[in-house]
Amino acid sequence: MAEFVTPGRNSRNERPLCPRARVTPMQEPQELELWRYLRSQRELAARLIEGDSLDQVAPRFLEIVASLLRWEAGAMWEVTGMEDPLRLVSGWSTPDLDARPLWRRSREIDFMRGTGLPGDAWGSGEIALAPDYKSYPTPTPRFEVSAELGLEAALAIPVPTGSPESVLAVAEFHTTSFNPQSEELMELLASFADQLGTFIARRRAEAKSAEAERFRQHLAEVVRGTQDAVLSKDLDGIVTTWNPAATRLYGYSTEEAIGEHVSFLVPPDHKNEEMVILDRIKRGERLETYETERIRADGARIAVSLTVSPIRSPLRGLIGASVVARDITAEVRRRRAQEFLVAASRLLDSSLDPTETARTIVSTAVPELAELCLIDFRRPDGWYGDSVVAGANPEMAARLERIRREQPLDPTGEHPVAQVLRLNQPMVWRDLKAPEVVDKVSQNADHLELMHEAGYNSAAVVPLIARGRTLGALSFLHAHGDMRYDQGDLEFLAELGERAALALDNARLYRERDRVAKNLQRGLRPPRPAEVPGLAISVVFEAAGEGIEVGGDLYDVIPSENGCWIIVGDVAGKGSTAAGVSVAVRHSVRGLTREIGEPDEVLRRVNELLLSGESLNDFATGMLACLRREEDGWHLTLASAGHPPAVLAGPEGPRLLGGGSVLGAWREANIERHECALKATDTLAICTDGWLEAGPSGSHQGPESFAEMTQGLCGLELDEVTERLRADAVGRSSGTLRDDLVVLAIRPQGASDAEAHQELAIGRSAASPS
């Protein structure tokens, strides 16, 4: 259905096209016009990146172009077939012009190629201009309506411009007073049309590909048959068939389900969903991979993916719908867990105050993970209290916090927090309503009353342990009758507890040191590289910024079962925003490497996470190395994303390993992958651009210079290699770096390590001219 938008009456909460410019006496009209063009280009690019369809982006496209033209109305037409009339997608007008009569008249007319202004633009592939409707050379069937609205002129832009056979849409615009437009503006509008044409072509290709994939998946589901829960219902929503897999999924027998309205599976907060699904089925639509939630017979809420198809009878027509359901609870939990951990990583390192950090932790978990979340701290006397609580109901949270502070928990008692901290392992209580559990959880009559009022249902408790210190416990409580924790949640919640404990302990250390700049730098990098058996690792990190002007360089060494991961990266910008992105990238890599074995795939996932951020400047370069110990030595897999190339130095000479594109810039990241053996005589060195761009521009060095210097130093001890590389950058900067600097070097080590590198140094000396 076409969408007709008038600013001021638009239900969407759109941002204004361009904020009011602050004009100074020195600015020239030409500069302001260029500024307006650039703002429009940026706005259009953002809309095309965010949009999913022509129907979605058309209203804003029309507003952007009409505002550039300073015209009052516009419409978007789509080419659906070379022999078919144009389809009116959307109409737009300024608040003081009601153009709806024009759009109604437009829908009554079949604009074929060569018919009217839109048809002329389609047929020629060039911009069609009508400075005066009355003198336009071809018939204008909407002239009377346009005249009544005071519209005198129009133009139509083919999308894209060029060959008529390539036109995918036509954008037309109307005005009450025609003024000739500059050649520069018309060229800009043509480029806008080309961009929109690329967007339409890409979305059509994606739609075709997605449709083919959905059809293939549907056929596979039919073949699998009994592996998925299948039920059918009539047009009133009454269940008519129910297979054994549905019994296994939902917990209801065939006898219990058939004859009941399907709403018995629907959670109360989804009560209108079934009506919407039935309405779409009655219109003959098919719902593919519709993700929602359902309630099992035991009251547990599960996530399901539904495929709903109309059922037709040869004699009676549409008689109902088939529903194929697949349990995706675990998949959704993993997805949400990963997204939550990445989002939480930014917040956990954002404060230097322990109390504020604790409140950030509990408030971040509500309501995504719990209706009540609290931290009970271990007090100096060994009891647990001084609690911090957040809740979907702030009053309930405040009451629980008061109760806990007034009556701390006995570490020898049976309260869930005491049990978890005695065992030092996370635990789940699925049913907090069981009498024997209520007795252990309730602290006093006031607490028991709060438990009943809040509707305590299920709980998960994880210990907070950091650097060998037990800080307390982090508790998550569901207060809905159909929300429960189970053992599958513990791995994720325990990891969150580890991060929360580390953030709390960091905040304690930050407060003791009381230096904001150093605090931020601790969040950007580990204090020292982790030790990895069989590898020598040396790192120098020089922070160039002061105060809040810290940079975004980062590194980390993450030990694994048979080797380690090493990340070196650089985030765009400086200050707290860059620091937050750096922390998020480092923690994201730490989390992703636990589940993903290939470094290039890890960086692609980091790219997706940066693209999902709210900032338009979440860009980073990265070099991620995976070193695995094999029978014949070390194997290196290196993934590069726009970062300065790494150097592999050895007897055969230096080798540059780089390539790829910046993370956070494009939906499909270009990641360059390299694989090779890391021999005992090899040295792998990685730097950030702080080394290459040290000092004035005349002293900047290229990757080849870094490779040459590393090759010349690789016979030395590894710490001496990194120190000399650092000294070179500092020397070129006259002692003051203007950008962060990371230099990291890795080398296999063993019994013959020193001997091998001594031979390498002797061989290089012998090869040198005397």
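Everything numeric in this text was worked out from a predicted model, so none of it was measured.

(A) Geometry of the overall build of the protein. When helices and strands are counted, the protein shows 23 helices and 26 strands. For the protein, with 770 residues in total, the buried portion stands at 50%. Expressed as a percentage of contacts within the protein between residues at least 6 apart in sequence, the contacts between residues at least 24 apart total 65%. Accessible surface for the protein amounts to roughly 36,600 Å². Of this, 51% is attributable to carbon and sulfur atoms.

(B) Focus on the sheet that holds strand E17 (residues 535-542). With respect to topology, five strands assemble into an open sheet ordered E17-E26-E25-E22-E23, the strand pairing being antiparallel. A strand with exactly one partner marks an edge of an open sheet, and here the two such strands are E17 and strand E23 (655-657). Strand-to-strand twist in this sheet, taken as the mean axis angle between neighbours without regard to direction, amounts to 15 degrees. Of the strand pairs in this sheet, strand E22 (residues 646-649) and strand E25 (residues 683-687) are connected by three bridges, and their pairing is antiparallel. Pairing of Leu648 across the sheet is with Leu684, part of E25. Contacts from helix H21 (residues 703-713) reach E22, E23 and E25 within the one sheet, and its direction differs from that of E22 by about 30 degrees. Sitting on the sheet, helix H22 (residues 718-732) is in contact with E17, E25 and strand E26 (741-748), with an inclination near 155 degrees to E26.

(C) Inspection of the environment of Trp71 at higher detail. Note on placement: Trp71 falls in the loop between helix H2 (54-69) and strand E2 (73-78). Exposure remark for Trp71: the relative accessible area of 4% places this residue in the buried category. In the structure, Trp71 is positioned 82 residues away from Ala153 in sequence and 9.6 Å away in space, judged by C-alpha atoms. Residues in contact with Trp71, not counting those within four places in the same chain, are Ala66, Trp92, Thr94, Ala154, Leu155, Phe173, His174, Thr175, Phe178 and Gln181. Polar contacts involving the side chain of Trp71 include one to the main-chain carbonyl oxygen of Leu69, which spans 3.5 Å.

(D) Summary view of H21. Within H21, burial applies to Phe706, Ala707, Thr710, Gln711 and Leu713. Looking down the long axis of H21, one finds its buried residues gathered within 165 degrees of arc, a one-sided arrangement. Residues of H21 that are exposed and point more than 90 degrees away from the buried face comprise Glu704 and Glu708.

(E) Structural context of unusual backbone geometry. Cis peptide bonds are those with omega within 30 degrees of zero, and the linkage from Val159 to Pro160 qualifies with -5 degrees. Residue position: Pro160 is located in the loop between strand E5 (153-159) and strand E6 (169-175). Val366 connects to Pro367 through a cis peptide bond whose omega is 0 degrees. The phi dihedral of Arg70 is positive, around 65 degrees, even though this residue is not glycine. Looking at where Arg70 falls in the secondary structure, it is placed in the loop between H2 and E2. In this structure Arg70 comes out as exposed when scored by relative accessible area, which is 55%.

(F) Seen up close, the side chain of Asn607. Note that Asn607 resides in helix H19 (residues 599-611). With near-sequence residues (within four places) excluded, Asn607 lies in contact with Val662, Leu663, Gly664, Ala665, Trp666, Arg667 and Ala669.

(G) Main features of the packing of helix H12 (residues 394-406) against helix H15 (residues 445-454). Relative to each other, H12 and H15 sit at 155 degrees, their axes nearing to 10 Å. Taken together, H12 and H15 sit at an angle that is classed as roughly antiparallel. You can see that H12 and H15 cross each other, and the crossing is left-handed. Of H15, the residues touching H12 (which contributes Met396, Arg399, Leu400, Arg402, Ile403 and Arg404) are Asp446, His447, Glu449, Leu450, Glu453 and Ala454.

(H) Fine view of the sheet that holds strand E8 (residues 239-242). Read from one edge of the open sheet, five strands run E8-E7-E11-E10-E9, paired in antiparallel fashion. A single partner strand is all that each edge strand has here, and the edge strands are E8 and strand E9 (287-295). Pairwise comparison of adjacent strand axes, ignoring direction, gives a mean angle of 30 degrees for this sheet. Against the sheet, helix H9 (residues 273-282) engages strand E7 (229-234), E9, strand E10 (301-313) and strand E11 (317-327), with an angle of about 155 degrees to E9.

(I) Just the side chain of Arg294, in detail. Structurally, Arg294 is set in strand E9. According to the relative accessible area criterion, Arg294 is buried, its value standing at 4%. A polar contact of 2.7 Å, which involves the side chain of Arg294, links it to the side chain of Glu273.

(J) Spatial organisation of the pairing of E9. Summarising the sheet, E9 and E10 pair through seven bridges and their orientation is antiparallel. When the sheet's bridge partners are listed, Leu287 is paired in E10 with Val308. Where E9 folds back on E10, the antiparallel hairpin that results is connected by five residues, among which Gly299 adopts a positive phi of roughly 90 degrees.

(K) View of the environment of Gly690. As for its placement among the helices and strands, Gly690 is situated in helix H20 (residues 689-692). By relative accessible area, Gly690 is classed as buried at 3%. Along the sequence, Gly690 and Val730 sit 40 residues apart, while their C-alpha atoms lie 9.9 Å from each other. Aside from chain neighbours lying at most four places away, what touches Gly690 is Asp739, Asp740 and Leu741.

(L) Geometry of the confidence of the model for the protein. Mean pLDDT over the protein works out to 83, with 84% of the residues at or above the 70 mark. When the criterion is pLDDT under 50, residues 219-224 qualifies, and its contacts beyond four places in sequence or with other chains add up to three contacts. Overall, residues 751-770 carries pLDDT values under 50, and its contacts beyond four positions in sequence, including any with other chains, amount to 19 contacts.

(M) Layout of the pattern of salt bridges. Scanning all chains against the criterion turns up 47 salt bridges. One salt bridge connects Glu50 with Arg47, and the closest N-O pair in it is separated by 3.6 Å. A residue pair is termed a helical-turn pair when its members lie 3 or 4 positions apart in one helix, as Glu50 and Arg47 do in helix H1 (residues 29-50) at three residues. Since its relative accessible area comes to 15%, Arg47 is described here as buried. The partner of Arg402 in a salt bridge is Glu406, with the nearest N and O atoms 3.4 Å apart. With Arg402 and Glu406 both in helix H12 and four residues apart, this pair spans about one turn of that helix.

Rules and cut-offs
Residue positions are counted from 1 within each chain, in the order its sequence is given. Since the coordinates come from a predicted model, pLDDT governs what is reported: local features require at least 70, and pairs of side-chain atoms require 80 or more to be given and counted, while whole-chain, interface and lining totals use all residues. To obtain the side-chain values, all non-hydrogen atoms of the structure were used and water was disregarded. The way it works is that DSSP assigns letters per residue, a run of H or I at least four long becomes a helix, a run of E at least two long becomes a strand, and they are numbered from the N terminus. Partly exposed describes any residue whose relative accessible area lies between the buried limit of under 20% and the exposed limit of over 50%, with all areas from a 1.4 Å probe on protein chains only and scaled to the type maximum. Only heavy atoms enter the contact rule, under which two residues are in contact if any of them lie within 4.5 Å. Note on areas: Shrake-Rupley, 1.4 Å probe, and residue coverage restricted to the protein chains presented here. For two strands to pair, DSSP has to find at least two bridges joining them. To get an axis, a line is fitted to the C-alpha atoms, and for a helix only the part in contact is used. The angle between two axes follows their N-to-C directions and goes from 0 to 180 degrees. Pairs of N or O atoms are called polar contacts if they sit within 3.5 Å, as long as, within protein, a hydrogen donor faces a hydrogen acceptor (for residues adjacent in sequence, only side-chain-to-side-chain pairs). By construction, the arc corresponds to the directions joining the helix axis to the C-beta atoms. The labels follow the angle: roughly parallel below 35 degrees, roughly antiparallel above 145, roughly perpendicular from 65 to 115, and oblique for the rest. A clockwise turn of the near helix away from the far one marks a right-handed crossing, whereas an anticlockwise turn of less than a right angle marks a left-handed crossing. Note on scores: pLDDT gives the predictor's confidence for each residue, bounded by 0 and 100. Throughout this description, the term salt bridge denotes a Lys or Arg side-chain nitrogen within 4 Å of a carboxyl oxygen of Asp or Glu.

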